[in-house]
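Listed here are the chains, written in short residue letters.
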Amino acid sequence: MIKQIEAIKRQRRAIILAHNYQPPEIQDLADLCGDSLELSRLAAATDAETIIFCGVRFMAETAAILSPQKTVLMPRPEAGCPMADMITPEALASRKAELGEIPVVTYVNSTAAVKALSTICCTSANALEVVESLDADRILMGPDRNLALNIAARTTKEIIPWPGCCPYHDRLSVQEVTDARRAHPGAVFLAHPECRPEVVALADAALSTSGMLRYARESEKNEFIIGTEIGLLHTLAKENPHKRFYAASENLVCPDMKRISLADVLGCLERMDGRVTVPEEIRRPAYAAVERMIALGR
Ligand code: 13P
Ligand code: SF4
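Predicted model, so just to flag it, every value in this text is computed and none were measured.

Undergrad: So, the side chain of Asp144: which residues are in play, and what are the values?
TA: Within the element layout of this structure, Asp144 appears in the loop between β7 (138-142) and α8 (145-152). Reaching out from Asp144, the side chain makes a polar contact with the backbone nitrogen of Asn146 at a distance of 3.0 Å. If near-sequence neighbours (up to four positions away) are discounted, Asp144 is found in contact with Met83, Tyr107, Trp162, Gly164, Cys165, Cys166, Pro193 and Glu194.

So, in structure tokens, the structure goes:
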């Protein structure tokens, strides 16, 4: 199946992008695997005509926002993000009206319609940099309350959090981390900023998924407790065969990230279906918010 995918991919001048949480065989198949920020940048920079996006809808939508002239396909278009559904454009508009003039920093884990109402987007890799870049002392940040609170702890600006969360990262408890630390004394604990602040407070570092990959590669330590979705363990172990990685909890599984199989990728390439598009009247303001974020890293 992998050979078939490779052949048809060449014919279609397609590129396969995958998020770090995808099933192992999809990560291995991908031309490029990364965190949300890397995937946004890659989607904007590639000259491929077609992008097969192995991730969840907001990621494919971001690619379509950045590159409307490209064909962005999702092998399983129903793969969504529960956190992204915790904020609607209507609810955001009414909160903005309540708060008056306030910049809105929106995590990329959100719909295009919500991005369209935002000042600037952020990912877990650049959220602090994005917040610091704004000429304002008071910022509305959503939809992830945990990310907002974790950033609030690192800036002097007032951050007003939106009451949303990743249901999987949010349920990682202090008890589970304490148990894991006891089971693996001396191991480094890495937490994703989508975890609760009290869990992040226990971490040696709070990093995006690719930030964790970099940390593990560069660290002299040999054991790591990983406080993010378990899909990351595959690449961690592959890149560091002599180091040991432990899931902070067996419950850190995002079912939406696990939907795509090799057969889905092949079927998607054969039929060229699962196209993700964003209506132009939403795409243009959403593009401004995403592009403002990407420009910060240039
Ligand atoms: P990053 O890979 O950008 O850290 O994002 C995590 C995530 O929750 C994606 O859904
Ligand atoms: Fe959304 Fe959480 Fe899944 Fe990431 S891990 S896609 S934030 S539900």
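Undergrad: Any chance you could break down the pattern of salt bridges for me, citing the residues and the numbers?
TA: Counted under the stated rule, the structure contains 20 salt bridges. In this structure, Arg271 and Asp273 form a salt bridge, with 2.8 Å as the shortest nitrogen-oxygen distance. By relative accessible area, which is 55% here, Arg271 ends up exposed. One network of salt bridges, with partners in common, ties together Arg145, Asp170, Arg196 and Glu198.

Undergrad: Account for the site of ligand 1, naming residues and giving values.
TA: What surrounds ligand 1 is a group of 13 residues, the closest being His19, Ser36, His192, Glu194 and Thr209. A distance of 2.7 Å separates an oxygen atom of ligand 1 from a polar side-chain atom of His192. The separation between an oxygen atom of ligand 1 and a polar side-chain atom of Thr209 is 2.5 Å. Its residues placed into classes, the shell around ligand 1 shows 4 nonpolar, 7 polar and 2 charged.

Undergrad: Explain the environment of Met141 to me, using residue names and the numbers behind them.
TA: You can see Met141 is positioned in strand β7. For Met141, a relative accessible area of 2% translates into the label buried. Met141 sits 11 residues away from Ala152 along the chain, and the two C-alpha atoms are 9.8 Å apart. Excluding residues within four positions of it along the chain, Met141 makes contact with Val105, Cys122, Ala127, Val131, Leu147, Ala148, Ile151, Ile159, Ile160, Pro161 and Trp162.

Undergrad: Please provide a residue-by-residue account of the side chain of Thr155, values included.
TA: With respect to the element layout, Thr155 can be found in the loop between α8 and β8 (158-161). Owing to a relative accessible area of 12%, Thr155 belongs among the buried residues under this scheme. A polar atom in the side chain of Thr155 sits 3.1 Å from the backbone nitrogen of Lys157. In contact with Thr155, not counting residues within four places along its chain, are Leu128, Val131 and Glu132.

Undergrad: Report on the sheet that holds strand β3 (residues 50-54), specifying residues and quantitative values.
TA: Ordered in space as β2-β1-β3-β4, the 4 strands form an open sheet in which the pairing is parallel. The sheet is open, and its two borders are formed by β2 (32-34) and β4 (71-73), each paired with just one other strand. When the angles between neighbouring strand axes are averaged without regard to direction, this sheet yields 25 degrees. As judged from the 3 bridges shared by β3 and β4, these two strands associate in the parallel manner. In the strand pairing of β4, Ile52 is matched with Leu73. Across the sheet, helix α14 (residues 262-271) lies against β1 (14-19), β3 and β4, angled at about 155 degrees from β3, the strand it touches most.

Undergrad: Break down the packing of aromatic side chains for me, with residues and values.
TA: Within the structure shown, the criterion is met by 1 aromatic pair. Their ring planes at 15 degrees and their centres at 5.2 Å tell us that Phe224 and Phe245 sit as a pair that is stacked. Of this pair, Phe224 sits in strand β11 (residues 223-227) while Phe245 sits in strand β12 (residues 244-247), and the two are 21 residues apart along the sequence. Residue class for Phe224 comes out buried when judged on its relative accessible area of 0%.

Undergrad: Account for helix α13 (residues 232-239), with residues named and values stated.
TA: An α-helix turns once every 3.6 residues. As a result, residues three or four positions apart point the same way. Three or more residues of α13 are buried, namely Leu232, Leu233, Thr235 and Leu236. Down the axis, α13 shows its buried residues gathered within 165 degrees of arc, on one side only. Buried residues along α13 sit in contact with α2 (24-29), α12 (209-218), β11 and β12.

Undergrad: Which residues make up the site of ligand 2, and what values do they have?
TA: Close contacts around ligand 2 come from Tyr21, Val56, Cys81, Pro82, Asn109, Cys166, Tyr168, His169, Glu194, Cys254 and Met257, and that covers them all. Here the residues of the shell around ligand 2 sort into 8 nonpolar, 2 polar and 1 charged.

What counts and what doesn't
- Residues numbered from 1 in each chain as written.
- Chains lettered and ligands numbered in written order.
- Predicted model: local features only at pLDDT ≥ 70, side-chain atom pairs only at ≥ 80, totals over all residues.
- Heavy atoms only, no water.
- Helix = DSSP H or I, 4+ residues; strand = E, 2+ residues; numbered from the N terminus.
- Polar contact = N/O pair within 3.5 Å; in protein donor to acceptor, adjacent residues only side chain to side chain.
- Contact = heavy atoms within 4.5 Å.
- Salt bridge = Lys/Arg side-chain N within 4 Å of Asp/Glu carboxyl O.
- Buried < 20%, exposed > 50% of the residue type's maximum accessible area, 1.4 Å probe, protein only.
- Near = heavy atom within 4 Å.
- Nonpolar A, V, L, I, M, F, W, Y, C, P; charged D, E, K, R; others polar.
- Pairing = 2+ DSSP bridges.
- Axes fitted to C-alpha atoms, helices over the stretch in contact; angles between N-to-C directions.
- Phe/Tyr/Trp six-rings, centres within 6.5 Å; stacked < 30°, edge-to-face > 60°.
- Arc of directions from axis to C-beta.

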